[in-house]
2 protein chains.
Amino acid sequence: MQTHKPRITLKDIAQNVGVHPSTVSRVLNPDTRKMVTKRIADRVIHASEQLGYRPNTFAQSLRTNRSYTVGVMVPDLTNPAFGPIIKGIDNVLEQSGYSVIVANTDNVLEKEKRSVDKFHERQVDGLIIATARRLDDVVITCLEEGTPFVLVVRSTIEKGVNSVVSDEIVGGQMIVSHLAQLGHKKIAYVAGPQFLSTGFERYQGYLQGLKNAGLELDEDLVAIGDAFTEAEGRQAASTINANKKPFTAIVAANDLMALGCYDELITKGLKCPDDVSVVGYDDMPFTRHFNPPLTTVHTPLLDVGMQAARILLERIWKPEQPAHALKLQPHLIVRGSTGIPSSFSETGTKATN
Amino acid sequence: MQTHKPRITLKDIAQNVGVHPSTVSRVLNPDTRKMVTKRIADRVIHASEQLGYRPNTFAQSLRTNRSYTVGVMVPDLTNPAFGPIIKGIDNVLEQSGYSVIVANTDNVLEKEKRSVDKFHERQVDGLIIATARRLDDVVITCLEEGTPFVLVVRSTIEKGVNSVVSDEIVGGQMIVSHLAQLGHKKIAYVAGPQFLSTGFERYQGYLQGLKNAGLELDEDLVAIGDAFTEAEGRQAASTINANKKPFTAIVAANDLMALGCYDELITKGLKCPDDVSVVGYDDMPFTRHFNPPLTTVHTPLLDVGMQAARILLERIWKPEQPAHALKLQPHLIVRGSTGIPSSFSETGTKATN
DNA sequence: ACAACTTGTGCAAACGTTTGCAGCCCTTTG
DNA sequence: CAAAGGGCTGCAAACGTTTGCACAAGTTGT
């Protein structure tokens, strides 16, 4: 019996009640309900739920040009950091009757363009973008098209775009400060891609942090990964190791890369934190269960999603409002992966105090 | 200048080329292109990309009743197991021009119903459901409505529904078998919700596994959690502990609950695997980084998503086909959380061999 | 050369809403 | 009591497609 039951339309209800479809429409639309007599309205409502009426969103959207739909573009769904963000987004949007369409771009530009095209085709009312590069054509296009959108996690160099990000520079500084306080002098850095704001600004924070602590930058202790992945993190840590300069701590541009560092340390027979401290960034789920539990910078991912959704709704509602760039304060979480440097007697550290 | 550029329609192209809109439509639709002269078709195509035509999906869907959209319903986006699944789904669907709408239900029935309603309203062409209970009204409704859908991860007791799941019973057996081989006799079980197929069948697998190994079930070594969460896992482990019966291993219904067990062991001062072995289920991302690395049953989550998407497409394409219940073979991954039981001298183990 | 096809294109209806306008009736007011 | 006004409701057009049908022109067969 998989005969699709025929869809109930406004006309059906109208016929049932004995009024014109437009009247039914007015009743069912909250904004216009007051236009029609209570008596009739009640009968219409009754009939509508009696018959199990479901509005046809296509017809609605076709007529009104609003889809009650927003697009969410993320670089990698397997990165557990994005689950909470999407959940936050979905939470607030679904309460306002919006549905979220997700697209996974695997960090490839081509896919991003396709997705954003698709989104336009589907006439999404707004976009939430977690894939932005510091210089990003896609973002610029969106800006020109006038589509409301908000960036999350990653921002661009453009001013005047809506965004919800963590204050990466401060976060980077906090990490170095923490390590310096523990007594670390030689702090290596496994950087993320510099064309992403996260990669770039966290690195800037590291540099600033060194300066604040009165430490010198040693370029041999820095390696840049091409992606925010375990593999790249490990690779970067490996190149730093190959430079044969001593170091007692290594800060990674995000938690995934930190995990890569863990791996590299293990293969080199180094213990964390006894031989070298490691710190990550993001505080993605379950970092506290890692071995050792990862010291990292917490970003309230769920909040990022929720705030982004709220800002987006505001912009959809009144598009002419000035942009809202929300910068959340990061928060260092000290766990077991950082400790007092093993020995101050390492070669290369001349000045101790 | 955020003046939305006016949408190009079929009529615009028609005017530009000097033909009727319907002709343009036929040209732009692959199925009907052959109906029109090549010469005209070329001019239409040229004009179409010249003007930057984007079809209006609402109008299309309104006319054809196909939305090229599928709904995906998951219980908890912060559970890292679902990221890969959704990614798999998105990967294959977007290649066929479908977009995926996600909904997070937080395991609450009310939200599930709302979501599925929403999906119907939006006329999704199909559904992928990861929230099914063993007895599930929502699923039954979908069945009656005739909406193509496929269950993932969790199945129902109904026969004849499309699904992609892991063979939970076999998985459960593999775990016990592994532990028995190591010499464990007293194996505790932290069960998941029994109204979910995963919770139920994994437990059945455990029971069967005990039988296979010639071990007795001790009900004091079993506790059932109300949800697949760390907190519930810990709680369950705690009640088992409170029973004061000795055990050397504890198998949890999924990785999250296993993490809860880790916590409980730590607070009780027990070492894993030295004092008690722990095993999980799912092999969600990063389990190998846990402390200790978690022995678990691997389910190819990405594949689950991709297969589900493929099956769904088939059903959308030819709905009358018989249901396809795909059962993926699980795969035990032995890591550091399981080992030889600490001592055979524990009270209560009389028979050794 | 005429019928019978085939091929290509235009016409118009339909999908289910929303919404400006017109008109009705009923109330208010001078 | 007539005119004016206000509240409700119906009418019809419009949103941008798709598609069955009709029809014109060209092709084939006897």
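Residue numbers run consecutively from 1 along every chain, following the written order of its sequence. Lettering for chains starts from A, numbering for ligands starts from 1, and both go in the order in which the items are written. Only residues with pLDDT of at least 70 get local features here, since the model is predicted, and only at 80 or more are side-chain atom pairs given and counted; chain-wide, interface and lining totals rely on the full set of residues. Think of the side-chain values as coming from all heavy atoms in the structure, minus any hydrogens and water.

Focus: the packing of aromatic side chains
Phase 1 of the analysis: Planes of paired rings set the category: under 30 degrees apart is stacked, over 60 is edge-to-face and the rest tilted, where pairs are Phe, Tyr or Trp rings (Trp by its six-membered ring) whose centres lie within 6.5 Å. Applying the stated criterion across every chain, the model contains 11 aromatic pairs over all chains.
Phase 2 of the analysis: The structure contains a cluster of three or more aromatic residues connected by ring pairs, namely F286 and F290 of chain A together with F286 and F290 of chain B.
Phase 3 of the analysis: Either the NZ atom of lysine or the CZ atom of arginine qualifies as a charge over a ring when it sits within 6 Å of the ring centre and within 35 degrees of the ring normal. Residue placement shows R202 of chain A over the ring face of Y281 of chain A; its charged tip is 3.7 Å from the ring centre.

What to know about the relation of the copies chain A and chain B
Phase 1 of the analysis: Copy-to-copy superposition: least squares on the C-alpha atoms, limited to residues that have pLDDT of at least 70 in both copies. The two copies are related by a screw motion: chain A maps onto chain B through a turn of 180° and a shift of 0.1 Å along the axis, at an RMSD of 0.2 Å. Those values place the two copies in the arrangement expected of a two-fold rotation axis.
Phase 2 of the analysis: The contact criterion used throughout is that any non-hydrogen atoms of two residues lie within 4.5 Å. Of all interface residues in chain A, 100% are interface residues in chain B too; the two copies therefore contact each other through one and the same surface.

Description of the sheet that holds strand β2 (residues 99-104) of chain B
Strand pairing in a sheet relies on backbone hydrogen bonds, with the paired strands running either antiparallel or parallel.
Phase 1 of the analysis: Two strands pair if DSSP finds at least two bridges between them. Here a strand is any run of E in DSSP of at least two residues, a helix any run of H or I of at least four, and the numbering for each starts at the N terminus. If you trace the 12 strands from one edge of the open sheet to the other, you get β11(A)-β5(A)-β4(A)-β3(A)-β1(A)-β2(A)-β2(B)-β1(B)-β3(B)-β4(B)-β5(B)-β11(B), paired in mixed fashion. The strands lining the two open edges of the sheet, one partner per strand, are β11 (325-328) of chain A together with β11 (325-328) of chain B. In this sheet, adjacent strand axes meet at a mean angle of 20° when their direction is disregarded.
Phase 2 of the analysis: Bridge count for strand β5 (residues 162-166) of chain A against β11 of chain A is four bridges, and the pairing is parallel. Bridging from a neighbouring strand, S163 of chain A pairs with A325 of chain A of β11 of chain A.
Phase 3 of the analysis: To define axes, lines are fitted to C-alpha atoms, for helices over the stretch in contact only, and angles between the resulting N-to-C directions are given on a 0 to 180 degree scale. The strands that helix α6 (residues 109-121) of chain B touches are β2 (99-104) of chain A together with β1 (69-74), β2 and β3 (126-129) of chain B; relative to β1 of chain B, the one it contacts most, it runs at about 175°.

Overview of the protein's contact with DNA strand D
Phase 1 of the analysis: Each residue is tested against the molecule or strand, and it is near if at least one of its non-hydrogen atoms lies within 4 Å. Residues in close proximity to DNA strand D total 24 residues, the closest being T23, T37 and I40 of chain A together with S25 and R63 of chain B.
Phase 2 of the analysis: The sugar-phosphate backbone supplies 63% of the atoms of DNA strand D found within 4 Å of the protein.
Phase 3 of the analysis: Here a polar contact is recorded for every N or O atom pair within 3.5 Å, except that within protein the pair must consist of a potential hydrogen donor and a potential acceptor, and residues adjacent in sequence are included only if both atoms are side-chain atoms. Here a base nitrogen of DNA strand D and a side-chain polar atom of S22 of chain A are 3.4 Å apart.
Phase 4 of the analysis: Between DNA strand D and R63 of chain A, the relevant distance is 3.3 Å, taken from a base nitrogen to a side-chain nitrogen or oxygen of the residue.
Phase 5 of the analysis: For the surface near DNA strand D, the secondary structure elements donating two or more residues are α2 (21-28) and α4 (57-64) of chain A together with α2 (21-28) and α4 (57-64) of chain B.

Points about the interface of chain A and chain B
Phase 1 of the analysis: Each side of the interface is counted separately: chain A has 58 residues, and chain B has 58 residues.
Phase 2 of the analysis: Here the quantity called buried area is the accessible surface, traced with a 1.4 Å probe, that two parts lose on coming together, added over both. Between chain A and chain B the total buried area reaches about 5,300 Å² when both faces are included, carbon and sulfur atoms providing 51% of it.
Phase 3 of the analysis: In this structure, K87 of chain A and D106 of chain B form a salt bridge, with 3.2 Å as the shortest nitrogen-oxygen distance.
Phase 4 of the analysis: Counting only elements with at least two residues in the side of chain A that touches chain B, the list comes to α4, α5 (82-95), β2, α6 (109-121) and α11 (255-267) of chain A.
Phase 5 of the analysis: A per-element tally of the side of chain A that touches chain B places α5 of chain A first, with seven residues. One side-chain nitrogen of Lys or Arg within 4 Å of one carboxyl oxygen of Asp or Glu is enough to make a salt bridge.

Describing the environment of L182 of chain B
Residues and elements named next belong to chain B.
Phase 1 of the analysis: Considering the arrangement of structural elements, one finds L182 in helix α8 (residues 168-182).
Phase 2 of the analysis: For every residue, the accessible area obtained with a 1.4 Å probe (protein chains only) is divided by the maximum for its type, and the residue is called buried under 20%, exposed over 50%, and partly exposed between those limits. Owing to a relative accessible area of 25%, L182 belongs among the partly exposed residues under this scheme.
Phase 3 of the analysis: Separated by 51 residues in sequence, L182 and T131 have C-alpha atoms that sit 35 Å apart.
Phase 4 of the analysis: Apart from the residues within four sequence positions on either side, L182 is in contact with T338, G339, I340 and P341.

Concerning the environment of E94 of chain A
Phase 1 of the analysis: Relative to the elements of secondary structure, E94 of chain A occurs in helix α5.
Phase 2 of the analysis: On a C-alpha basis, the gap between E94 of chain A and D255 of chain A in space is 30 Å, while along the polypeptide they are 161 residues apart.
Phase 3 of the analysis: For E94 of chain A, the residues in contact, after removing those within four places along its chain, are K111 and R114 of chain B.
Phase 4 of the analysis: One polar contact links E94 of chain A to R114 of chain B, side chain to side chain, over a distance of 2.7 Å.

Considerations on helix α11 (residues 255-267) of chain B
Residues and elements named next belong to chain B.
Phase 1 of the analysis: Between the first and last residue of a helix there are one fewer steps than residues, each counted as 1.5 Å, and that sum is the expected span. For α11, spanning 13 residues, the distance from its first C-alpha to its last is 19 Å, which sits close to the expected 18 Å at 1.5 Å a residue.
Phase 2 of the analysis: Buried residues dominate α11, accounting for 11 of its 13 residues.
Phase 3 of the analysis: The inward-facing, buried residues of α11 contact β6 (187-191), α10 (230-242), β8 (249-252), β9 (277-279) and β10 (296-298).
Phase 4 of the analysis: Capping of α11 at its N-terminal end is provided by N254; its side-chain oxygen lies 3.2 Å from the backbone amide nitrogen of L256.
Phase 5 of the analysis: Downstream of α11 by one or two residues, G269 has phi in the positive range, about 75°.

Some thoughts on the packing of helix α5 (residues 82-95) of chain B against helix α12 (residues 301-317) of chain B
Residue and element names in this part refer to chain B.
Phase 1 of the analysis: Two elements in contact, α5 and α12, have axes whose closest approach is 7 Å; the angle formed by their N-to-C orientations is 40°. By the angle class used here, α5 and α12 are oblique. As for how α5 packs across α12, the hand of that crossing is right-handed. Residues P84, I85, K87, G88, I89, V92 and L93 of α5 form the contact with α12, whose participating residues are L301, L302, G305, M306, A309, R310 and L313. Working rule for angles: under 35 degrees goes down as roughly parallel, over 145 as roughly antiparallel, 65 to 115 as roughly perpendicular, anything else as oblique. Rotating anticlockwise by less than a right angle from the far helix to the near helix defines a left-handed crossing, while the corresponding clockwise rotation defines a right-handed one.

What about the sheet that holds strand β6 (residues 187-191) of chain A?
Residues and elements named next belong to chain A.
Phase 1 of the analysis: Pairing within the open sheet is parallel, and its four strands lie in the order β7-β6-β8-β9. The sheet is open, and its two edges are formed by β7 (222-224) and β9 (277-279), each paired on a single side. When strand polarity is set aside, the average angle formed by the axes of neighbouring strands in this sheet is 15°.
Phase 2 of the analysis: Inspection of the sheet shows β6 paired to strand β8 (residues 249-252) by four bridges, in the parallel sense. By the bridge assignment, Y189 is partnered in β8 with V251.
Phase 3 of the analysis: Taken strand by strand, helix α9 (residues 197-212) contacts β6, β7 and β8, and its axis lies near 170° from that of β6.
Phase 4 of the analysis: The sheet contacts of α11 involve β6, β8 and β9, and relative to β9 the element is tilted by about 160°.

Some points on the protein's contact with DNA strand C
Phase 1 of the analysis: Near DNA strand C lie 24 residues; those nearest to it are L10, S25 and R63 of chain A together with T23 and T37 of chain B.
Phase 2 of the analysis: The contact atoms of DNA strand C, taken as those within 4 Å of the protein, divide so that sugar and phosphate hold 64%.
Phase 3 of the analysis: Between DNA strand C and L10 of chain A, the relevant distance is 2.7 Å, taken from a phosphate oxygen to a main-chain nitrogen or oxygen of the residue.
Phase 4 of the analysis: One of the side-chain nitrogen or oxygen atoms of Q60 of chain A is found 3.3 Å away from a phosphate oxygen of DNA strand C.

A closer look at the pattern of salt bridges
Phase 1 of the analysis: According to the stated counting rule, one finds 36 salt bridges over all chains in the structure shown.
Phase 2 of the analysis: Across the salt bridge formed by E94 of chain B and R114 of chain A, the nearest N and O atoms sit 2.7 Å from each other. Of this pair, E94 of chain B sits in helix α5 while R114 of chain A is found in helix α6, placing the two residues in two different chains.
Phase 3 of the analysis: A relative accessible area of 25% means that E94 of chain B is categorised as partly exposed.
Phase 4 of the analysis: On the accessibility criterion, R114 of chain A (40% relative accessible area) is partly exposed.
Phase 5 of the analysis: Ionic pairing is found between D117 of chain A and R54 of chain B, a salt bridge with its closest N-O pair at 3.5 Å. Remark: R54 of chain B occurs in the loop between α3 (38-51) and α4 and D117 of chain A occurs in helix α6; the pair is interchain, linking two chains.
Phase 6 of the analysis: D117 of chain A gets classed as partly exposed once you look at its relative accessible area, which sits at 33%.

Purely geometric numbers; function is a separate question.
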